[in-house]
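Take a look at the letters that make up each chain.
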Amino acid sequence: MLRLLLVGPEGEITIAKVDIAALLALVAALISGVGDVIRQRSAQEITDEEVGHVELLRMSLGDTRWWLGGVAAVASAALQAVALGLGSVVLVQALQVTALLFALPVYAWMTKQGLTRRQWGWAILLAVAVAFFVAVGEPAAGYQRASLQTWAVVAVVIGPAMMFCVLGARIWSGPVAAVLLAAVSAASWALFAVLTKAIVDVLDGGVWALLRTPELYAWLLVAALGTVFQQSSFRTGSLTASLPTMTVTEPLVASLLGVTVLGESLDADGPELVVLVVAVAVVVVATTALARGEAATMAACEEASAAGGEVARRPHAPPSEVGSPVLTGVTS
């Protein structure tokens, strides 16, 4: 195991690189969770009109909240890049799931609503499952970069699937479209995480070495796709469809790519393998439940805000008529 050696007043202190990677991944998850909440509110409130993916992004560029969320996303991505340089994609992505645990209390604070007992229960279960996965599986890093032939195979598999999802979102509407667009965004960010390891690997060679790296241009492309379709998925259909899909799909796809493309591994067999499978299943179920709960709360607040605004615009509205829609939306 790779380790860093620090010299302090008490003598030498040895810290495993994987521990530093885990710490950075958790901090990145914290920042990402806050940024996600800001971007979600921006996407939902930027306009009431139906607009295309590129137009929505253009409109978002004029929203201060979108830029705040963007800064958080950049800071989170930078920390993840350092973490990926020290640890495996599987480890960093497993800990990135905890972004939802940070997003929940932030949104509860912003909306002045406390978390329910069910949400606390799922949150604790998710935290325990992630801890078991990391402790039992001990994700080990593989290669920093994959061959162009390997990436060609990945492009042949993932490219058509993403195109099908985009076309499907134009054919179907509502929750189905939201799920399809969220899957495209999640797959894009999963590719972004794996490609980041290659970017970090060539940084020591300077700017010219970076510009000659093919992964750089794929990295920029998937980042743009992830941003555009993430914003679109938040606008299409219900958040109870898009948010769970995005939250679960990204770490699963990234981990799968880490194992198949970069040769990463999990140190588990026999009973430990059973524990690992159970932990993954619990993470998926708990993450889905928490994401659906958060999205439902967000949708209720949006409906309450819209109802309150509509009533407030009516001339001479009775006091009871002004107050009741807001209260109903919040308590539902």
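Small disclaimer: the values here were computed from a predicted structure and weren't measured.

Criteria and thresholds
- Residues numbered from 1 in each chain as written.
- Predicted model: local features only at pLDDT ≥ 70, side-chain atom pairs only at ≥ 80, totals over all residues.
- Heavy atoms only, no water.
- Core = buried A, V, L, I, M, F, W, Y, C linked by side-chain atoms within 4.5 Å.
- Buried < 20%, exposed > 50% of the residue type's maximum accessible area, 1.4 Å probe, protein only.
- Contact = heavy atoms within 4.5 Å.
- Salt bridge = Lys/Arg side-chain N within 4 Å of Asp/Glu carboxyl O.
- Helix = DSSP H or I, 4+ residues; strand = E, 2+ residues; numbered from the N terminus.
- Patch = residues over 30% accessible without salt bridge, like charges linked within 9 Å, V, L, I, M, F, W, Y side chains within 5 Å.
- Areas by Shrake-Rupley, 256 points an atom, 1.4 Å probe, with all protein chains shown as cover.
- Lys, Arg positive; Asp, Glu negative; His and termini not counted.
- Charge placed at Lys NZ, Arg CZ, Asp CG, Glu CD.
- Axes fitted to C-alpha atoms, helices over the stretch in contact; angles between N-to-C directions.
- Parallel < 35°, antiparallel > 145°, perpendicular 65-115°, else oblique.
- Left-handed = near helix turned anticlockwise from the far one by under 90°.
- Nonpolar A, V, L, I, M, F, W, Y, C, P; charged D, E, K, R; others polar.
- Phe/Tyr/Trp six-rings, centres within 6.5 Å; stacked < 30°, edge-to-face > 60°.

1. Looking at the nonpolar core
Judged by nonpolar contacts, the single largest core of 52 residues is most densely connected at Leu126, Trp151, Val154, Leu191, Leu257 and Val261. Residues within four places of Leu257 in sequence aside, it is in contact with Val154, Ile158, Ala190, Leu191, Val194 and Leu262. In terms of nonpolar packing, the next biggest core, distinct from the first, is built from 6 residues, Ala94, Phe133, Ala268 and Leu276 among them.

2. Some words on the pattern of salt bridges
This model, assessed by the stated rule, comprises 1 salt bridge. The residue Arg145 makes a salt bridge to Glu215 at a minimum N-O spacing of 3.0 Å. Highlighted residues: Arg145 in the loop between α6 (117-137) and α7 (148-171) and Glu215 in helix α10 (residues 214-235), separated in sequence by 70 residues. Since its relative accessible area comes to 33%, Arg145 is described here as partly exposed. Assessed through its relative accessible area of 3%, Glu215 is described here as buried.

3. Concerning unusual backbone geometry
The phi torsion at Glu138 lies on the positive side, around 45°, for a residue other than glycine. Take Glu138: it is sitting in the loop between α6 and α7. When its relative accessible area of 45% is taken as the criterion, Glu138 is described as partly exposed.

4. Quick look at the side chain of Ser188
Structurally, Ser188 can be placed in helix α8 (residues 175-202). On the accessibility criterion, Ser188 (0% relative accessible area) is buried. Setting aside residues no more than four positions away along its own chain, Ser188 makes contact with Met162, Val222, Leu225 and Gly226.

5. A look at a negative patch on the surface
A contiguous patch of negative charge, built from Glu138, Asp267, Asp269 and Glu272, is present on the exposed surface. Examined against the element boundaries, Asp267 turns out to sit in the loop between α11 (239-262) and α12 (271-312).

6. What to know about a nonpolar patch on the surface
On the surface, Val207, Trp208, Leu211, Tyr217 and Leu220 cluster together into a nonpolar patch covering about 570 Å² of accessible area. For the nonpolar patch, the secondary structure elements donating two or more residues are α9 (207-211) and α10. When residues in the nonpolar patch are grouped by element, the largest group, 3 residues, is from α9. Mapped onto the elements, Val207 comes out in helix α9.

7. Some details on the packing of helix α4 (residues 89-96) against α6
The geometry of α4 relative to α6 is characterised by a closest axis approach of 10 Å and an angle of 170° between their N-to-C directions. Relative to α6, α4 is oriented roughly antiparallel. In this structure, the crossing between α4 and α6 has a hand that is left-handed. Of the residues in α6, those touching α4 at Val90, Leu91, Ala94 and Leu95 are Val130, Phe133 and Val134. For the contact of α4 with α6, a count of residues per class yields 7 nonpolar, no polar and no charged.

8. Let's talk about the packing of aromatic side chains
Summed over all chains, the structure comprises 2 aromatic pairs. Between Trp189 and Phe192, the ring centres sit 5.3 Å apart and the planes meet at 80°, which makes this aromatic pair edge-to-face. Of the two residues, Trp189 and Phe192 are both situated in helix α8; the distance of 3 residues between them amounts to about one turn of the helix. Overall, the relative accessible area of 13% leaves Phe192 in the buried class. Geometrically, the ring pair formed by Phe192 and Trp219 is stacked, given 5.0 Å between the ring centres and 15° between the ring planes. You can see Phe192 sitting in helix α8 and its partner Trp219 sitting in helix α10, a full 27 residues away along the chain. Cluster of aromatic residues (ring-pair linked, three or more members): Trp189, Phe192 and Trp219.

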